[in-house]
Amino acid sequence: MTPQLSSVARTSIQRAGLSLIADKVVAGERLSMDEGVQLFHTPNLAAVGALANLVRERKHGDISWFNRNLHINATNVCEASCVFCSFARLEEGAPSAYTMSMEQAVGRIEALRDAFITEVHIVNGLHPGLPFSYYTDLLRAIKAARPDLHIKGFTAVEIHYYAHKYGMDYEGVIQALRQAGLDSMPGGGAEIFHERARKKLCPDKVDTQGWLEVHRTAHRLGMRTNCTMLFGSIERLEERVDHMVRLRELQDESLALQAQDPSRAAFQTFIPLKFHNENNRLARLSAPTGHDALRTIAVSRLMLDNIPHIKSYWVMLGQEIAQLSLSFGASDIDGTVREERIYHMAGAKTPQELTRSQLVTLIRAAGRIPVERDTLYNVVAEA
Ligand code: V47
C-alpha cells in the first residue's frame, strides 16, 4: 500500500502553512530552493518531519539499513587548516600526530579475521610527506588480507590533493586507487559548498567545483560515491539548501548519463554531518541541537529527491537522535564502525563501536525493520 499522510499530519501541515509544499511532495514533484528554505524556517518540526517520513516510507517502507564495517584513518597528519577539524595535526612529530605503518593498518583488519564485516572505510589527512605508493600499497595489502572486504575510501579532498601533489588528473588517481583495490568513495570533504562559508571553513582544500568534479569523474568511471554536508557551524540556512541543490544537480546529470550507459554510477547516500565543537577553532560556537539535526535530515530527504538514501550516522548524532531520525527521513544508520577518531577527537560521547545486535535493537526499538546491507545496498541478511 502506498504510504499516505494521516489526517492528523495533514491538519498539522496545513496549520504550519505547508499545504503547497505538501501537495508537491504528495504528487512527487521537486521542491524549489525557496521551498527548502521555508522548510528550515517553519517552527513546526513535526509537520516537516511528517512530510519527510512520507518520502522515506515511499522509498524504503519500514526498512532501516545498517552494515558491519571498520574505520581506518591511516594518518592524521594534514596540510589543510579546516577550522572545524579536531582530528588533523599539521606535521609529523606534533603532539598526537600519527601515521600507521602498513603492518599497523593491515593488523587492524587481521585482528578482525574471525569477525564478520563487509566494509572498510578509509579516510586520511593530507600528508605532505608520503609517496602515492603508500595509499596503493595500503589498498593492496588490505585486499590481500581480506579479498572479501569492500573498500570505501578516500574523499574527494584526498583525490584532489593527490592529483596536484603527484602530477595526475582525477581520473588517473581514481583508476590507480581502483586498480589497487578501491571499490567506492565516501562523501566527506563537501562541508558547505557556498563560497562565503567555504572560504571561512576550509580555505585551503579543494573548492566546490573540484569536489563536484571528482565525484563526476568517479561516476563516469562507474564508481558509486556518497555525499555529505557539515551543518551547524557558521553556515546560513540558505547555504544548506544551496548545498543540497548543487548535489541534486550533479545527481541529475549522473543519473541521466547512467540511463544511457549503465556502467556509469551516481550518489548512493547523503549524510548530513552535525558539527562537533570540541578541540577545534570553532569551539566558541554552540553545538547544533537535536532539533536542528532532525530538521536538517528531514529537509535533506525532501530536497534530495534523486538520492536513494539519507544516512543518520549514529556516531555523530548519538543513538537517541539516530533512532528518532528514522521517522524524520533517514533510512540508514551506518555500521558497527569500530574505533572512530574524527568525531571522538571533536567531543563525540558515543561509543567507539556498536555490535550488530545493538544496531538491530536500536532500529527495532524505533519501530523499523533492520536490514543488514553491504556497501552497495545488497541485502546481506534480514535481522
Ligand atoms: O569531511 C570533521 C566532517 C567528515 C568535524 O560516506 C566534522 O559513508 C562535524 O565524511 N564536526 C568525515 N563534522 C566523515 C565522513 C563520513 C562519515 C561516515 C560515513 C561516511 C560515508 C562519511 O567529517 C569530514 C568533515 O566534513 N568533520 N570534523 C567536526 N568537528
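This is a predicted model, so every value here is computed, not measured.

How each quantity is defined
Residues numbered from 1 in each chain as written. Predicted model: local features only at pLDDT ≥ 70, side-chain atom pairs only at ≥ 80, totals over all residues. Heavy atoms only, no water. Near = heavy atom within 4 Å. Polar contact = N/O pair within 3.5 Å; in protein donor to acceptor, adjacent residues only side chain to side chain. Areas by Shrake-Rupley, 256 points an atom, 1.4 Å probe, with all protein chains shown as cover. Helix = DSSP H or I, 4+ residues; strand = E, 2+ residues; numbered from the N terminus. Domains from an automatic or database assignment. Buried area = accessible area lost by both parts, 1.4 Å probe. Salt bridge = Lys/Arg side-chain N within 4 Å of Asp/Glu carboxyl O.

**As for the site of the ligand**
Around the ligand, the surrounding shell holds 23 residues, and the nearest of these are Lys-152, Gly-189, Glu-191, Lys-311 and Tyr-343. His-276 is positioned such that a nitrogen or oxygen atom in its backbone is 2.8 Å from a nitrogen atom of the ligand. Between an oxygen atom of the ligand and a side-chain N or O atom of Lys-311, the distance comes to 2.8 Å. The fraction of the free accessible surface of the ligand (610 Å²) that becomes covered by protein chains is 96%. Among the elements of the structure, strand S5 (225–231) and strand S6 (267–274) are those that each provide at least two residues to the shell around the ligand.

**Considerations on the domain arrangement of the chain**
We note that the domain assignment places domain 1 (1–61) and domain 2 (62–382) within the chain. Taking the mean C-alpha position of each, domain 1 and domain 2 sit 28 Å from one another. For the pair domain 1 and domain 2, the summed buried area comes to about 2,500 Å², and 63% of that belongs to carbon and sulfur atoms. In terms of surface lost to domain 2, no three residues of domain 1 exceed Arg-30, Phe-40 and Arg-56, which account for 32% of the buried area on that side. On inspection of domain 1 and its partner domain 2, the count reaches three salt bridges. In this structure, Arg-30 engages Asp-252 in a salt bridge whose closest nitrogen and oxygen atoms are separated by 2.7 Å.

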